[in-house]
Amino acid sequence: MHGTGTLYRATVRLMAVLMAFMSICLVGSEAAQQRQKPLPVIRDAEIEGLLRLYTRPIFKAAGINPRAVKVYVLNDHHINAFVAGGQRIFVNTGLIMQASTPNEVIGVLAHETGHIAGGHLARMGVEIDSANYTQIIGMLLGLAAIAGGVAAGNGEVAQAGQGLMIGSTGLAQRNFLTYARGMESSADQAALTFLNETHQSAKGMITLFEKLASENIAALADVDPYVMSHPLPLDRIRNLEVEAQKSPYWDAKDPPALILRHQLVQAKLTGYIGGAQAVMQKYPSSDQSMPARYARAIAMFRRGDIKNALPIIDSLTRDLPENPYFWELKAQALLENGRAAEAAVPVKKALDLLPSNGLIQILAAQAYIDTETPANAREAIKLLRQAQRSEGETAETYRLLARAYAQTGDVPRAELATAQAALLMGDMKLAMEKAKSAQAAFKTGTPEWTRASDVMSFAGR
């Protein structure tokens, strides 16, 4: 019974991975294991802003409302992007870091938009439902083995997975995988259309696929193309290039300002994820470019060397004062080193440049709260309420609201916010305790009284 249950759970996970993975490359065993865990989502105003800039014209060309699609960044070194859960695009940091130009990332995003525009996730579900369940189990286990072999560069493992699939499924699996490959090809063709309509080249997308092909060519050499969920890389590249070169925009270049923003995001990711050693290797001290200074400043303040980080950040704000993210970085560096009063100045500059950005609003609220003055606390409350419109109600915003209300002497609202934060964090005991205390201070039927009642209702379940 234990073994059967384990197999069933593994199969369900594999089905979820397959349905979610409308992506640019095969999932390796390591990546598949990571996706069984909570996704390592990164939140950053600058990176998200750049991705919005990349996707906005593509979504418009696809007839998709940009507000209806969420783009998330995952801390994963693999070159990958995929669509999951409806209109959600996930982009790995590995794709951003290893893309030489903005056009490479834009091409991949155009491909993923093709999956959304084509309704491929929903149609994949129908296709799975039409197949025999026993056949699906064999097919998915075989796919996992093939993907693991490809990721490890092990052709024997990949062939073993192929054998497992052939032995268990036959014609149904091939029909299913043919359908999956067809969706990938459809997304490729849609991407070409979207790029052409937005006067952008498909050269970057093809360059990205060539990188993937060079990584996987050895492992794919002996694998039957009919048991692949994606077209073989070389065939894919050849077909795309023939079509893409017909576009009048084949030789179109990325604007210099966009290239700089791409390079700055790469520098930021290197500073935060790679650490000091990676920064020194990629951006030696002799490199005085803006991205190099950005990466070094981040690495320095992350290891506590704010004394040397601040002059570099100041040089960036002098060179490009209209960049809100340089001011955001200075505020964060000061705030994390206990200098909240000083942080309030650059964060105000960042807010002036990006007044509606929820993440910067939250950072500003934190800086104001840490000054521990009632006037700043009241300003923080306004900012947090504004941030909730774009970021939603999170435990972090309620935790900060609780501190801000406490600093203004509004204890009932502080306790209500604490209750709401506790509820979102799963601490039902604290949520119930604080909600009861808060409700007793509010008049029956008021919005605050009702919210406290709602918290108690959920916490008591």
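Rules behind the numbers
- Counting from 1, residues in each chain are numbered in the order their sequence is written.
- In keeping with the model being predicted, local features are shown solely for residues with a pLDDT of at least 70 and side-chain atom pairs are shown and tallied solely at 80 or more, while totals for entire chains, interfaces and linings include all residues.
- For the side-chain quantities, the full set of heavy atoms in the structure was used; hydrogens and water were omitted.
- For helices the rule is a DSSP run of H or I covering at least 4 residues; for strands it is a run of E covering at least 2, with both sets numbered from the N terminus onward.
- Whether a residue is buried, partly exposed or exposed follows from its accessible area with a 1.4 Å probe, protein chains only, as a fraction of its type maximum: under 20%, in between, or over 50%, in that order.
- Every residue pair with non-hydrogen atoms within 4.5 Å of one another is taken to be in contact.
- The protein chains shown are the only cover counted for residues, whose accessible areas, like all others here, come from Shrake-Rupley with a 1.4 Å probe.
- Grid spacing is 1 Å over the protein atoms alone, the probe is 1.4 Å, and a cavity is where that probe fits but cannot get out, while a pocket is an open set with protein on both sides within 12 Å along at least five of seven lines and lining residues have an atom within 4 Å of a point.
- Grid points are joined across faces, edges and corners, and a volume is the space filled by probe spheres set on the points.
- Working definition: rings of Phe, Tyr and Trp (its six-membered ring) pair if their centres are within 6.5 Å, and the pair is stacked with planes under 30 degrees apart, edge-to-face with planes over 60 apart, and tilted otherwise.
- For this document, the term salt bridge refers to a Lys or Arg side-chain nitrogen within 4 Å of an Asp or Glu carboxyl oxygen.
- Residues enter a nonpolar core if they are buried and are Ala, Val, Leu, Ile, Met, Phe, Trp, Tyr or Cys, with the set joined through side-chain atoms within 4.5 Å.
- Confidence scores per residue from the predictor, reported as pLDDT, run from 0 to 100.
- Geometry is summarised by axes, namely lines fitted to C-alpha atoms with helices restricted to the contacting stretch, and by angles between N-to-C directions that run from 0 to 180 degrees.
- Our angle categories are set so that under 35 degrees counts as roughly parallel, over 145 as roughly antiparallel, 65 to 115 as roughly perpendicular, and the remainder as oblique.
- Crossing handedness: left-handed means the near helix sits turned counterclockwise from the far one by under a right angle, and right-handed means the same turn made clockwise.
- By the convention adopted, Pro, Cys, Tyr, Trp, Phe, Met, Ile, Leu, Val and Ala count as nonpolar, Lys, Arg, Asp and Glu as charged, and the other residues, Gly among them, as polar.
- What makes two strands pair is DSSP finding at least two bridges between them.
- Take the residue count of a helix, subtract one, and multiply by 1.5 Å to get its expected span.

**Student:** Could you give an account of the overall build of the protein chain, naming the residues involved and the relevant values?
**Tutor:** Within the protein chain one finds 22 helices and five strands. For the protein chain, the proportion of its 461 residues judged to be buried stands at 50%. Contacts in the protein chain between residues at least 24 apart in sequence constitute 66% of all its contacts with a sequence separation of at least 6. Looking at the protein chain as shown, the accessible area adds up to about 21000 Å², and 55% of this sits on carbon and sulfur atoms.

**Student:** So, the layout of surface pockets: which residues are in play, and what are the values?
**Tutor:** The calculated volume of the largest pocket comes to roughly 990 Å³. In terms of lining, the largest pocket is formed by 28 residues, of which the most central are E48, R52, K70, S390 and E391. Where the lining of the largest pocket is concerned, the elements lending two or more residues are β2 (41–42), α3 (45–62), β3 (70–74), α17 (358–370) and α18 (374–391). Estimates place the volume of the second largest pocket at around 680 Å³.

**Student:** Could you give an account of the side chain of E415, with specific residues and numbers?
**Tutor:** Within the secondary structure layout, E415 lies in helix α20 (residues 411–425). Look at E415 and you get buried, because its relative accessible area is 17%. Ignoring any residue separated from it by four or fewer positions in sequence, one finds E415 in contact with K434, S437 and A438.

**Student:** Account for the packing of aromatic side chains, with residues named and values stated.
**Tutor:** Within this structure, the stated rule accounts for four aromatic pairs. Ring geometry for F82 versus F90: centroids 5.1 Å apart, planes at 10 degrees, classification stacked. Comparing F82 with F90 shows no difference in burial state: the two are buried. Consider the rings of Y294 and F326, whose centres lie 5.0 Å apart with planes at 75 degrees: the pair is edge-to-face. Of this pair, Y294 sits in helix α13 (residues 290–302) while F326 sits in helix α15 (residues 324–336), and the two are 32 residues apart along the sequence. Just as Y294 is buried, F326 falls in that class too.

**Student:** Give a description of the pattern of salt bridges that names residues and reports values.
**Tutor:** Applying the stated criterion across every chain, the model contains 16 salt bridges. Here K330 ties to D314 by a salt bridge, and the two come within 2.8 Å at their closest N and O atoms. Of this pair, K330 sits in helix α15 while D314 sits in helix α14 (residues 306–319); the two residues are 16 residues apart in sequence, bridging distant segments of the chain. Of the charged contacts in the structure, one is a salt bridge between K434 and E415, with a shortest N-O distance of 3.7 Å.

**Student:** If you had to explain the nonpolar core to someone new, which residues and values would you point to?
**Tutor:** Formed by 59 residues in total, the largest nonpolar core has its most connected members in Y294, F326, V347, Y368, L384 and L401. Ignoring anything within four residues of it in the chain, the contact list for Y368 reads A344, V347, K348, L351, N376, E379, A380 and L383.

**Student:** Quick one: what's the story with the confidence of the model for the protein chain, residue by residue and with numbers?
**Tutor:** Interpretation of the predicted coordinates at a detailed level should be avoided for regions scoring low in pLDDT. Across the protein chain, the average pLDDT comes to 81, with 73% of residues at or above 70. Note that pLDDT drops below 50 for residues 125–134; the model gives that stretch 11 contacts with residues more than four away or on any other chain. Confidence over residues 175–179 falls short of pLDDT 50; this stretch has 15 contacts with residues more than four positions distant or in other chains.

**Student:** Can you break down the environment of G275 residue by residue, with the values?
**Tutor:** Mapped onto the elements, G275 comes out in helix α12 (residues 256–282). Placed 21 residues apart in sequence, G275 and R296 show a C-alpha to C-alpha distance of 9.4 Å.

**Student:** Please provide a residue-by-residue account of the packing of α12 against α13, values included.
**Tutor:** Two numbers describe how α12 lies on α13: the axes approach to 7 Å, and their chain directions differ by 40 degrees. The angle between α12 and α13 falls in the class oblique. Between α12 and α13 the crossing geometry is right-handed. Together, L260, Q263, L264, A267, K268, G271, Y272, A276, V279 and M280 of α12 and M290, P291, Y294, A295, R296, I298, A299, F301 and R302 of α13 make up the contact between the two elements. Grouping the amino acids of the contact of α12 with α13 by side-chain chemistry returns 14 nonpolar, two polar and three charged.

**Student:** Please provide a residue-by-residue account of unusual backbone geometry, values included.
**Tutor:** Here the phi dihedral of H199 falls at roughly 60 degrees; this positive angle occurs in a residue that is not glycine. Here H199 shows up in the loop between α9 (171–197) and α10 (203–220). With phi around 60 degrees, E372 is a residue other than glycine that occupies positive phi space. Its place among the elements puts E372 in the loop between α17 and α18. Using a relative accessible area of 60% as the deciding quantity, one classes E372 as exposed.

**Student:** An account of the pairing of strand β5 (residues 88–92) is requested, with residue identities and associated values reported.
**Tutor:** Burial of β5 is extensive: four of the five residues sit out of reach of the surface. Looking at chain direction, β3 and β5 are connected through five bridges and run parallel. The residue of β5 that forms the bridge with L74 is N92. Pairing analysis gives three bridges linking strand β4 (residues 81–83) to β5, with the strands arranged antiparallel. Paired with F82 across the two strands is F90, which belongs to β5.

**Student:** Before we move on, can you summarise helix α19 (residues 395–407) with the specific residues and values?
**Tutor:** Along its 13 residues, α19 runs 19 Å from first to last C-alpha, staying within 8% of the 18 Å computed at 1.5 Å per residue. For α19, every residue scored as buried is listed here: A395, T397, Y398, L400, L401, A402, A404 and Y405. Where α19 is buried, its residues meet α17, α18 and α20. One or two residues past the end of α19 sits G409, with phi positive at roughly 85 degrees.

**Student:** Quick rundown of the pairing of β3? Include the residues and the values.
**Tutor:** Where β2 and β3 come together, two bridges link them in antiparallel fashion. By the bridge assignment for β3, I42 is matched with V73.

**Student:** If you had to explain empty space enclosed by the protein to someone new, which residues and values would you point to?
**Tutor:** Over the atoms rolls a probe the size of a water molecule, and its path tells where empty space is left. The tally for this structure, following the rule as stated, stands at three cavities of 30 Å³ or more. In this structure, the second largest cavity occupies an estimated 40 Å³ of space. I47, L50, L51, Y54, I96, V105, H262 and V265 together form the lining of the second largest cavity. Elements with a minimum of two residues in the lining of the second largest cavity: α3 and α12. Of all the elements, α3 adds the most residues to the lining of the second largest cavity, at four residues. Here the lining of the second largest cavity is composed, by residue class, of seven nonpolar, one polar and no charged.

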